[in-house]
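The primary structure of each chain is shown beneath.
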Amino acid sequence: MFRRFTLAAVLCAGVSGLALAEEPRQGGTFNFTAPYGSSFATLDIQASPNTQEEFITQAIHRSLYAWDSINNAPVLELATGVDVSDDGLVYTYHLRKDAKFHNGKALTADDIIYSYKRVSDPKNAFPGASYVAIIKGVDDFAAGKSEDIAGLKKIDDNTLEVTFSSPVNPGFSLMQNTTAIYPSNVEDEATFATAPVGLGPFRFREHVPGSQIVVEKFDEFYEEGKPYLDRVNIILMSEDSARDVAFRNKEIDVSILGPTQYQAYQQDDALKDHLLEVAEVYTRNIGFNPKVEAFRDKRVRQAINHAINTPLIVERLVKNKAYPASGWLPISSPAFDKDKAPYAFDPDKAKELLKEAGYENGFSFEVTASPNESWGVPIVEAILPMLQKVGITVKPKPVESSALGEAVTTNNFEAFIWSNQTGPDPLAAMRCYWSKTAQSACNYTSYSNPEFDKLYEAARDERDPAKQTDLLRQANNLVQDDAPVWFFNYNKAVMAYQPWVHGLVPNANELALQPYEDIWIDDTAPASRK
Amino acid sequence: MLRFTIRRILQIIPTIVVVALLIFVIFSVVPGSFASSLFSDGKTAADPQLMARLNEQLGLDKPVHQRFLTYVGDLAQLDLGTSFRTRRPVLELINERIWASLQLAVAAMIFAVVVAVPLGFLAALRPGSILDTVTMVGAVSGLSMPQFWLGLLLMYVFALQLNWLPSFGYGDGSLRNLILPAITLGVTPLALLARTTRAGVLDVLNGDFVRTAHAKGLSEAQVVRRHVARNALVLIITTVGLLFGSLIGQAVVIEKLFAWPGIGSLLVDSVAMRDIPVVQGTILVIVVWFLVINTAVDVIYALVDPRIKQE
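Residues numbered from 1 in each chain as written. Chains lettered and ligands numbered in written order. Predicted model: local features only at pLDDT ≥ 70, side-chain atom pairs only at ≥ 80, totals over all residues.

S.K.: Lay out the overall build of chain A in plain terms, naming residues and giving numbers.
M.R.: Of the regular secondary structure elements, chain A holds 16 helices and 19 strands. Its C-alpha radius of gyration of 24 Å places chain A within 12% of the 24 Å reference for a compact globule of 530 residues. Based on the C-alpha atoms only, the size of chain A along its principal axes is roughly 70 × 60 × 40 Å. With 530 residues in all, chain A has 54% of them scored as buried. Of the contacts made within chain A by residues no fewer than 6 positions apart, 70% connect residues no fewer than 24 positions apart. (Helix = DSSP H or I, 4+ residues; strand = E, 2+ residues; numbered from the N terminus. Rg over C-alpha atoms; globule rule 2.2 N^0.38 Å. Buried ≥ 20, exposed ≤ 12 C-beta atoms within 10 Å, placed from the backbone. Contact = placed C-beta atoms within 7 Å.)

Dropping the structure here:
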């Protein structure tokens, strides 16, 4: 597993290294594909939590913070510096003076205040509200008790003071695309959904609904010499097989691969050297509901983890496009414990644990599952005979993706299989096992362990990053021992790219989200792209 | 003729009402909601407050009967509602997509008619000939071939191997982008139409009036043109109408495969996201399209065969 991860890192470094070795070429068109649907729901990114819409955001908008894929951390984007108070609650941001919106307006503190108010306005019911809620006074504003957000104070046009409710790292929340900064001088907010205006490296040019979005270089972008490309076509292509043909035919420049394609591309000499891989911050798992009596016993849950041959499923069904999971936090998380071994495949041990728990005659349960090939019904069907061997009968309950979300968040399941985001912020990921987190929020398995709570609360209050990481690592290991889920795998995202493309980065949050301003194409590209 | 046409149009209305009711009922009982679909990719932890707020804002917290009355009331005013996802009027969204779907359906139908009708005619005129055998084998193959697979095959040959045509997308709306999806969509109706034409023509050829026409000394061409073609046309028009009416609905798979920006792909995304107003509106438009085409066919073949009007 780790050898493969290292290989992936080398590949990634290869991409970046090549980009560094050559002088980036200016100009050209980049044909990027948006693989998660046949349309863009809206161009108003503050209104959408979906990755599909984030492809547009990466080009057009900017948030106060951005994600640094190389260093795996949030970094300041719209500010050149920040002063933090001793108690870690007050942040004074010195905003960029060279940032301009596409409508010509210079960025000021007013734009950030306006944007955060818009995001948290209950009338809008925007998904970014929960991220902005870390700012003091957002609750009162959302409840209609105040016309302003108390924690946002404009010092002058280029200085903004933000007071947070607790000493968290605000970067993880305020780098989200749903908290993108909009200009405060646009009269008709409805135009954000049809003709977006942002601070990003590309300006909106055209939207052909159901087909593509075209953005073109913004000459006044604040990073000197960037973007390199003249134009990006963000093309909607949700069908894997069609994307495969288009990629091989050199009509598109990148393609996100599924397990089957990944295997085929690895075996193709012409394609295998241009695969960008990264361990994404998603943990695939089967969550156990303690409403089922057997699941209240930790030994039963551990027995299930021992009874399933996880590496075999990852190899055969997921075609090695994943890393077997050894806990809740993924490989790319700073709190991941590389020394903690995953549950060993050991059916005898599983039987022993079941006997100790009083289930030597087994029991049965139902797994609510979507049709997803990597974390849905096919996986449940694969574990079925393995669990049968230790006396446990599993019945898959197929549902659609949106029905899965509803079943889980309303606690209407015995067990479920899902892929959950477990990063980049390890504190936020572990919060899902804090007993005070509502089941419907993300404590889907109604996990409760006072020992864990102590560790989590200590980590939450800890100001020293190294100590906080260590506490979270301990908390993660405790969850692994308690096994509230079957730890299946961490997604390995794979992107195939054409040999003329440079500047792609291994973004562990979502590989398909790429910094368009850093991408450039060399002279070997087809004439239609140059 | 006018009364006949008006009667046919009036018959559409109860069908639309029943379909609207069915769509509403189905999407009221299926599990999943727009709010829950926002978190279905597991990317963001579910936010119960946001979900409640969304349900309230979209009127999904109201009882089903109240929602139905609102829906019917809006429908009576030709208002299909507002999309949950885009927060834009459904009619506006359909208007953006319907033209691409129509373009695809018309092109597929033209391809099917232009190839199938002459082939069916020729096959019937020479039953048992090589042409007849090849046409019918081709028709059976066309009917049994999954459209998705055929589309991929055409992409592979004409885009990847020969590099003649683009493999996907709408491009600038040029004919080059339309050819592969239109052929893929047109193959099934082509096969059906070829078989129907052959059967219809064979049936007419065995009629007494055709024998009489031959006995009167008319040439083969005159018999075919004056008697066979005209009589076989009723069946062909009916088949073309039925096929054309159902093409937009069938295009869902093709639109998704070729990244064609029609209402089929809009429907698929809207179902996945439980954007109920768009799903309802899109299905209704597809149904209305089918009914309108069939009514038009009724009127056309009443013109072609006056006996139908009298019946």
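S.K.: I'd like to hear about the environment of Tyr91 of chain A, residue by residue, with values.
M.R.: All names here are of chain A. Along the chain, Tyr91 turns up in strand S5 (residues 90-95). In this structure Tyr91 comes out as buried when scored by C-beta crowding, with 20 C-beta atoms within 10 Å. Residues Tyr91 and Glu406, spaced 315 residues apart in sequence, show a C-alpha to C-alpha distance of 38 Å. Contacts of Tyr91, omitting those with residues within four sequence positions, involve Val82, Val84, Val162 and Pro170.

S.K.: Summarise the interface of chain B and chain A; cite the residues concerned and give the values.
M.R.: The interface is formed by 48 residues belonging to chain B together with 49 residues belonging to chain A. Elements that contribute at least two residues to the side of chain B that touches chain A include exactly helix H2 (34-37), helix H3 (48-57), helix H5 (90-125), helix H7 (147-161), helix H10 (220-257) and helix H11 (263-272) of chain B. The residue inventory of the side of chain B that touches chain A, partitioned by class, reads 24 nonpolar, 13 polar and 11 charged. (Nonpolar A, V, L, I, M, F, W, Y, C, P; charged D, E, K, R; others polar.)

S.K.: Let's hear about the domain arrangement of chain A: which residues, and what values?
M.R.: All names here are of chain A. Here chain A is described as being made up of domain 1 (33-232) and domain 2 (279-491). Computed over C-alpha atoms, the centres of domain 1 and domain 2 are 34 Å apart. In this complex, domain 1 contributes 4 residues to the contact, which on the side of domain 2 involves 5 residues. In the side of domain 1 that touches domain 2, the residues fall into 2 nonpolar, 2 polar and no charged. (Domains from an automatic or database assignment.)

S.K.: Account for the packing of H5 of chain B against H10 of chain B, naming residues and giving values.
M.R.: Residues and elements named next belong to chain B. Running from amino to carboxyl end, H5 crosses H10 at an angle of 145 degrees, the nearest separation of the two axes being 9 Å. Judged by the twist between their axes, the crossing of H5 over H10 is right-handed. Here Ser101, Leu104, Ala105, Ala108, Met109, Val113 and Val117 of H5 come into contact with H10, specifically with Ile236, Val240, Phe244, Leu247, Ile248 and Ala251. (Axes fitted to C-alpha atoms, helices over the stretch in contact; angles between N-to-C directions. Left-handed = near helix turned anticlockwise from the far one by under 90°.)

S.K.: Outline the confidence of the model for chain B, listing residues and values.
M.R.: Scored by pLDDT, chain B comes out at a mean of 87, with 97% of its residues at no less than 70. Confidence estimates for the predicted assembly give a pTM of 0.87 and an ipTM of 0.81. (pLDDT = per-residue confidence, 0-100.)

S.K.: Lay out the pairing of strand S16 (residues 415-421) of chain A in plain terms, naming residues and giving numbers.
M.R.: Side-chain direction in a regular strand flips from residue to residue, so the side chains alternate between the two faces of the sheet. Residues and elements named next belong to chain A. Within S16, 7 of the 7 residues are buried, which leaves it mostly tucked inside the rest of the structure. Burial of S16 is two-sided: the residues Ala415, Ile417, Ser419 and Gln421 facing one way and the residues Phe416, Trp418 and Asn420 facing the other way are all buried. Direction of pairing for strand S12 (residues 275-288) relative to S16: antiparallel, over a ladder of 7 bridges. When the sheet's bridge partners are listed, Asn285 is paired in S16 with Trp418. Sheet topology places strand S14 (residues 363-369) next to S16; 2 bridges connect them, and they run parallel. Bridge assignment links Thr368 to a residue of S16, and that residue is Phe416. (Pairing = 2+ DSSP bridges.)

S.K.: Lay out the domain arrangement of chain B with the relevant residues and their values.
M.R.: All names here are of chain B. Assigned domains of chain B: these are domain 1 (18-77) and domain 2 (91-304). Mapped by element, the contributors of at least two residues to the side of domain 1 that touches domain 2 are helix H1 (2-29) and H2. A per-element tally of the side of domain 1 that touches domain 2 places H1 first, with 5 residues. Grouping the amino acids of the side of domain 1 that touches domain 2 by side-chain chemistry returns 6 nonpolar, 3 polar and no charged.

S.K.: Give a detailed account of the UniProt feature "domain: Solute-binding protein family" (unreviewed entry) in chain A, specifying residues and quantitative values.
M.R.: As recorded in UniProt, the feature "domain: Solute-binding protein family" (unreviewed entry) lies at residues 74-438 of chain A. End-to-end, the C-alpha atoms of residues 74-438 of chain A are 27 Å apart, and along that stretch the chain is 26% helix and 23% strand. (UniProt positions renumbered as here; feature names shortened; annotations may be inferred.)

S.K.: Go over the sheet that holds strand S7 (residues 159-163) of chain A, please, and point to the residues and values.
M.R.: Residues and elements named next belong to chain A. Spatially, the 4 strands line up as an open sheet ordered S4-S5-S7-S6, and their pairing is antiparallel. The outermost strands of the open sheet, each flanked by one partner alone, are strand S4 (79-84) and strand S6 (152-156). Within the sheet, the average angular offset between the axes of one strand and its neighbour, ignoring direction, is 20 degrees. Across the face of the sheet, helix H3 (residues 109-120) comes into contact with S5, S6 and S7 while running at roughly 170 degrees to S6.

S.K.: Please give an account of the UniProt feature "domain: ABC transmembrane type-1" (unreviewed entry) in chain B that cites residues and values.
M.R.: Taking the UniProt record as the reference, the feature "domain: ABC transmembrane type-1" (unreviewed entry) is found at residues 98-301 of chain B. Overall, residues 98-301 of chain B shows 84% helix and 0% strand. The separation of its end C-alpha atoms is 27 Å.

S.K.: Let's hear about unusual backbone geometry: which residues, and what values?
M.R.: Cis peptide bonds are those with omega within 30 degrees of zero, and the linkage from Lys226 of chain A to Pro227 of chain A qualifies with 0 degrees. Following Gly423 of chain A, the chain continues into Pro424 of chain A via a peptide bond in cis, with omega recorded as 5 degrees. Position of Pro424 of chain A among the secondary structure elements: in the loop between S16 and helix H14 (426-431). Unusually for a residue other than glycine, Ala125 of chain A sits at a positive phi of about 50 degrees. Among the secondary structure elements, Ala125 of chain A is positioned in the loop between H3 and helix H4 (129-132). Despite not being glycine, Leu78 of chain B shows a phi value in the positive range, around 60 degrees. Tracing the chain through its elements places Leu78 of chain B in the loop between helix H4 (64-76) and H5.

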